[in-house]
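Survey of secondary and tertiary structure
The lines below spell out each chain.
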Amino acid sequence: SAFIVFLPSLQIRQSAAVMLRMRVKKHWKKISLDHRERLAALCLIPPQSAIAKSFVLDSVDGCSLIGQNMHRSKYFEYILFILGTLSQSLKYPCLFQVGLLLLSKVVESNPEPFKPHYRQLLQLFGTVLQDLDNPTAMYYCILTLTAMTAYTGTEEMNLMRALIPRLIIALKHLIKADQGQASDAMEVFDELMESEVSIIVPHIAEIVHFCLEVRTELLLIIFVMTFCLHCDGDVFCALCLLQTVLKQKLLNPILQTVFPVLSAAPPPGEEDPEDEENGDEGDTDNESPKHFAAQFYYVCMSDPWHVHQMPLTQVCLASENPYERKAGLMCMAVLAEGCADHIRTKLLSSMLQTVCQSLSDNNQVVRSAGLFALGQFSEHLQPEVSKYCAELMPLLLGYMSALNQAKIGHITKAFYALENFMENLGSEIEPYLPTLMETMLSALSNAENLKLKELAVSAIGAIANAAKEKLVPYFPPVIESLKGFLTDTRDEMRALQTQALDTLSVLARTIGKDVFSPLAAECVQLGLNLTNAIDDPDLRRCTYSLFSAVSTVSPDCLSPHLTAITTIMLLSLKSTEGVTEDKTFVLLDDDDDDDDAEGDAILDDEGADTVDPDTAGFSVENAYIDEKEDACDALGEILPSIRPSAMQKLLGVVLPSFLEAVRGERERQVVMGVLEAMNAVLKACQGEALQSPGRLQEISQAIRDVLKKRTVCQDGGGDEADDDEQQAEYDAMLQEFAGEGIPLLASAVPADTFQPHLNELLPLIMNKAKSSCTVADRSFSVGTLGEILQSLVSVSGGRACAGKLSNRLLPVLVAGVRDSDSEVRNNSVFGLGALAQAAGPLVAQDYPMMLSLFSNLLSKEQDRRVIDNLCAALCRMIMSHMEGVPLEQVLSAFSCMGFYAGPMPNTRCL
């Protein structure tokens, strides 16, 4: 540290700064308190004494790291120093830039301690953003603003809004000075929209005009697309966007900007990534402007936006330029999801006609786009699109027969369209089976291209889903081909083997037990052989699905191999394989002396900007996440199907592994899969799953941990999704899976046994029924309460337990019946009926209030589901305590409601 401050040699000082930064990062806890104090004092010196760009960067990085590790009192002293330095150095541009650089680094590393000073900072930024002759200062100012945006509160909103016009002007000047810095700075818009989209709403027109003025088509696309994403569910903001765009007459300029990007021809000699005929369909990471333009339509072009772009789409479809015709078809393809209801009712016939005509276009680029559009229609416009089977199937079969000379990339698109369409046909596929299977079997036996075989195997799985037992005549040649693929261990066969296992699983579930059972044992052995011979997560994942499918057809075939099968799956669940540490740069690591060359690289004067030595983290490959999820699903399906003698032994191994994964697994997706599998086991095995001492307590504790967000995967790390909205969505899904386990536990043991655990869990569920919670939370809460009460109906001591709970639950369910959302009302009505059924005469004093509530609801309710559930609730009340219900009035109400005996309570009541 003394070298940094006192030596005259810049190179030595810079080397010392780099070494100090890395030592602080790796060994802060080993540094004595005395040295920590001295280092903290050192932080107050470098920003004023640095003289060269690379030294400034390394010194500031070191100061930032030391600042992060300071004691809280010292850290606030450090903050005040930075702010004081900035206020005193306004007249000295270079020093001011260094101060802003340090501020940006420290705020980025830990924004929250600065919160008491946000107003002061925002006022300072207002001044900095007006200094248009100092682009470097503006750049660091915008970076700091980006870092602190997520932590701003309502008291800073007006200051933030006032900065937007200055921010736009500053970005215009920054683009002229340094486009790289301008590109980084523009991320502030995304951060503003993620944190508080209402800050942006008054300035929509200015931002769109800015994008149009500086001709940043990609920024315009991303801005509008991101705005729409962050408005999802916020009707006011979405309407503001639409009204502003229409009122300011910006929609046409936006579309006129986006359409040329979407319809642009690739450079001479090149092709768009989706049109490359190299057979590589796995590369989906495409960040080209055209890709973002397509995403723009996917996100933004839903009702009522789409009506404004249809004229442009029609112009494109009529164009002589094949890439413009392609663009028109791509727009139609993405609209199939965003505007599905409108297309189904008004446009399907005409759009299908256009797509079918494109399949005879003289340009393959257009035909490929047509096939993609047809695949999208088949996926998102069911069941209406299947009604055109008589027109589309002959067209697709004829198109497939003419593909002999086509390259594999185009053939892949044809299979995509065919698969998506025929998988939903059901029995209507029967007339086309001979031609379809002749085509597929020919590809399996004659094609030399492994990719074509893979496509044919996948298509056979789709055919099996539709045809089921009608596929039996073609089963022998299909199974022989699949067995041949699965015994070939060449590396190049891996993708084909994975698909063969998937299709074999589909056949096991659809072809019929009598046909598949004789092959079940052989299929299990094939799967085990592959997992023993080949280390591949996708292949293992597909063998788990195969074992799971076999368990539904011939569970006895699994018995000799249960230990091996479950061991493999549990190892997958516990494995850290695929978890990689992303450490791009380490200097002078105690355990590694081979990094000297990298260490020298950072000493180049301009090299410090190109390497981020602090970037370190962990990532998990998606294939391994999928493997863990499928292992959970398979275990959840296999366990209930095995013999009782083996079940307890297996439960003693599997359930502890599930609980360990819930507590310690980093990936939310995996934990969701574990919870779902555990719920399946509880549902199928009931009390058998809870015989082990302490098992009920352990599962209840795991559910409580998820509901309290105390598991590892809920700490904000692990998943690739960084934005708070997606994390919140994942957390909500996790809690729903956990909540589903509560009624399953309640139905598996006597009520007296579960009540202590239920008393701890209920407040966590009831808290989500508050009016301030989201509709999804309220619906989940009252729905779970209803399921718990229904579970108590059938267990020992359930009536007494429900009676004790009634005083706590009744106010929540009554409030839910009065909710503005029909889903919440529906679940609450169900819950009240379940309470009446479970508690019976114990809630007789509440019957008049419940009947009055239902009567008021019936007088104004429009949702048929709520009315049907109201009928069922009244029936439950009658069956549980007939004396408390005025039967003549209720029966009269039934006739007015159009009562029918569909729901089970209604049938029993009658």
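Treat the numbers as computed from the prediction; the structure is a model and nothing was measured.

Attention now moves to the packing of helix H37 (residues 751-766) against helix H38 (residues 775-792). Close contact between H37 and H38 brings their axes to 11 Å; oriented N to C, the two are set at 170°. The pairing of H37 with H38 is recorded here as roughly antiparallel in orientation. Of the residues in H38, those in contact with Ala751, Leu758, Leu762, Ile765 and Met766 of H37 are Phe780, Ser781, Thr784, Leu785, Ile788 and Leu792. For the contact of H37 with H38, the residue count by class is 9 nonpolar, 2 polar and no charged.

With that settled, consider the UniProt feature "repeat: HEAT" (unreviewed entry) in the chain. In this structure's numbering, the residues bearing the UniProt feature "repeat: HEAT" (unreviewed entry) are residues 809-847. Taken end to end, residues 809-847 is 72% helix and 0% strand, and its first and last C-alpha atoms sit 14 Å apart.

Here we come to the packing of aromatic side chains. To describe a pair of aromatic rings, you give the distance between the ring centres and the angle between the ring planes. Applying the stated rule across the entire model yields 3 aromatic pairs. Aromatic side chains Phe372 and Tyr416 sit 6.1 Å apart centroid to centroid with 15° between the ring planes, which places their arrangement in the stacked category. Taken together, the residues Phe372 in helix H21 (residues 364-380) and Tyr416 in helix H23 (residues 408-422) connect sequence positions 44 residues apart. Residue class for Phe372 comes out partly exposed when judged on its relative accessible area of 28%.

This brings us to unusual backbone geometry. Across the chain, the bulk of peptide bonds are trans and the bulk of non-glycine residues have phi less than zero. The residue after Gln382, namely Pro383, is reached through a cis peptide bond having omega 0°. Along the polypeptide, Pro383 turns up in the loop between H21 and helix H22 (389-401). One non-glycine residue with positive phi stands out, namely Lys468, at about 55°. Mapping Lys468 onto the fold places it in the loop between helix H25 (450-467) and helix H26 (475-486). Accessibility expressed as a relative area gives 38% for Lys468, which makes it partly exposed.

So, about empty space enclosed by the protein. Taken as a whole and assessed by the stated rule, the structure comprises 2 cavities of 30 Å³ or more. Volume-wise, the second largest cavity comes out at about 40 Å³. Looking at the second largest cavity, the residues that line it are Ala732, Gln735, Glu736, Ala776, Asp777 and Phe780. Taken together, the elements giving at least two residues each to the lining of the second largest cavity come down to helix H36 (724-746) and H38. Its residues assigned to classes, the lining of the second largest cavity comprises 3 nonpolar, 1 polar and 2 charged.

What follows deals with the packing of H38 against helix H39 (residues 798-817). When two helices pack together, their arrangement is given by the angle between the helix axes and the distance between those axes. The N-to-C vectors of H38 and H39 enclose an angle of 160°; their axes lie 10 Å apart at closest approach. With respect to H39, the element H38 is oriented roughly antiparallel. The element H38 and its partner H39 pack so that their crossing is left-handed. Residues Val782, Leu785, Leu789 and Leu792 of H38 touch H39, and the partners they reach there are Gly798, Arg799, Cys801, Ala802, Leu805, Leu809, Val812 and Leu813.

Along its 17 residues, helix H29 (residues 537-553) runs 25 Å from first to last C-alpha, staying within 8% of the 24 Å computed at 1.5 Å per residue. Burial analysis of H29 places 14 of its 17 residues in the buried class, which makes it a mostly covered element. Between the side-chain oxygen of the N-cap and the backbone nitrogen of Asp538 there are 3.1 Å, and the N-cap of H29 in question is Asp536.

Among the structural elements, Arg325 can be located in helix H19 (residues 322-338). Discounting chain neighbours no more than four positions away, the residues touching Arg325 are Cys316, Leu317, Ser319, Glu320, Asp361, Asn362, Asn363 and Val366.

This part takes up the nonpolar core. Counting 192 residues, the largest nonpolar core has Met393, Met422, Leu436, Ile463, Leu471, Phe658 and Leu792 as the members making the most contacts within it. Ranked by the residues each element gives to this core, the list is headed by H25, at 11 residues. Contact partners of Phe658, with chain neighbours within four places excluded, come to Leu573, Cys632, Leu635, Val674, Ala677, Met678 and Val681. Residues Phe114, Tyr140, Ala182 and Phe189 belong to the second largest nonpolar core, which totals 42 residues.

Glancing now at the environment of Ala264. Its place among the elements puts Ala264 in the loop between helix H16 (251-263) and helix H17 (289-300). When the C-alpha positions of Ala264 and Tyr323 are compared, they lie 6.6 Å apart, and in sequence the two are 59 residues distant.

Attention now goes to helix H28 (residues 513-533). In a regular helix each residue adds 1.5 Å, so 21 residues correspond to 30 Å; H28 covers 29 Å between its end C-alpha atoms and thus fits that length. Considering bend angle alone, the principal kink of H28 is centred on Ala520 and spans about 50°. Burial in H28 covers these residues: Phe516, Leu519, Ala520, Cys523, Val524, Leu526, Gly527, Leu528, Leu530 and Thr531. Buried residues along H28 sit against H26, helix H27 (494-510), H29 and helix H30 (562-574).

Below, the discussion takes up the pattern of salt bridges. This model, assessed by the stated rule, comprises 18 salt bridges. The closest approach of N and O atoms between Lys451 and Glu454, which form a salt bridge, is 3.9 Å. Of this pair, Lys451 and Glu454 are both found in helix H25, 3 residues apart, which corresponds to roughly one turn of the helix. A relative accessible area of 17% means that Glu454 is categorised as buried. Ionic pairing is found between Glu627 and Arg540, a salt bridge with its closest N-O pair at 2.7 Å.

A surface patch of like charges, here negative, comprises Asp633, Glu676, Glu736, Glu740 and Glu787. In this fold, Glu736 is placed in helix H36.

On to the side chain of Asp630. Of note, Asp630 is situated in helix H32 (residues 622-638). Setting aside chain neighbours within four positions, we find Asp630 in contact with Arg541, Tyr544 and Ser545.

With 70% of its residues at a pLDDT of 70 or more, the chain shows a mean pLDDT of 75. Within the chain, helix H35 (residues 695-707) carries the highest mean pLDDT (94), whereas helix H31 (residues 596-601) carries the lowest (36). Overall, residues 579-620 carries pLDDT values under 50, and its contacts beyond four positions in sequence, including any with other chains, amount to 66 contacts.

The rules behind these values
- Residues numbered from 1 in each chain as written.
- Predicted model: local features only at pLDDT ≥ 70, side-chain atom pairs only at ≥ 80, totals over all residues.
- Heavy atoms only, no water.
- Axes fitted to C-alpha atoms, helices over the stretch in contact; angles between N-to-C directions.
- Helix = DSSP H or I, 4+ residues; strand = E, 2+ residues; numbered from the N terminus.
- Parallel < 35°, antiparallel > 145°, perpendicular 65-115°, else oblique.
- Contact = heavy atoms within 4.5 Å.
- Nonpolar A, V, L, I, M, F, W, Y, C, P; charged D, E, K, R; others polar.
- UniProt positions renumbered as here; feature names shortened; annotations may be inferred.
- Phe/Tyr/Trp six-rings, centres within 6.5 Å; stacked < 30°, edge-to-face > 60°.
- Buried < 20%, exposed > 50% of the residue type's maximum accessible area, 1.4 Å probe, protein only.
- 1 Å grid on protein atoms, 1.4 Å probe; cavity = no way out; pocket = protein on both sides within 12 Å on 5 of 7 lines; lining within 4 Å.
- Points joined across faces, edges and corners; volume = space filled by probe spheres on them.
- Left-handed = near helix turned anticlockwise from the far one by under 90°.
- Expected span 1.5 Å × (residues − 1).
- Polar contact = N/O pair within 3.5 Å; in protein donor to acceptor, adjacent residues only side chain to side chain.
- Core = buried A, V, L, I, M, F, W, Y, C linked by side-chain atoms within 4.5 Å.
- Bend = angle between axes of the 7 residues up to and from the residue.
- Salt bridge = Lys/Arg side-chain N within 4 Å of Asp/Glu carboxyl O.
- Patch = residues over 30% accessible without salt bridge, like charges linked within 9 Å, V, L, I, M, F, W, Y side chains within 5 Å.
- Areas by Shrake-Rupley, 256 points an atom, 1.4 Å probe, with all protein chains shown as cover.
- Lys, Arg positive; Asp, Glu negative; His and termini not counted.
- Charge placed at Lys NZ, Arg CZ, Asp CG, Glu CD.
- pLDDT = per-residue confidence, 0-100.

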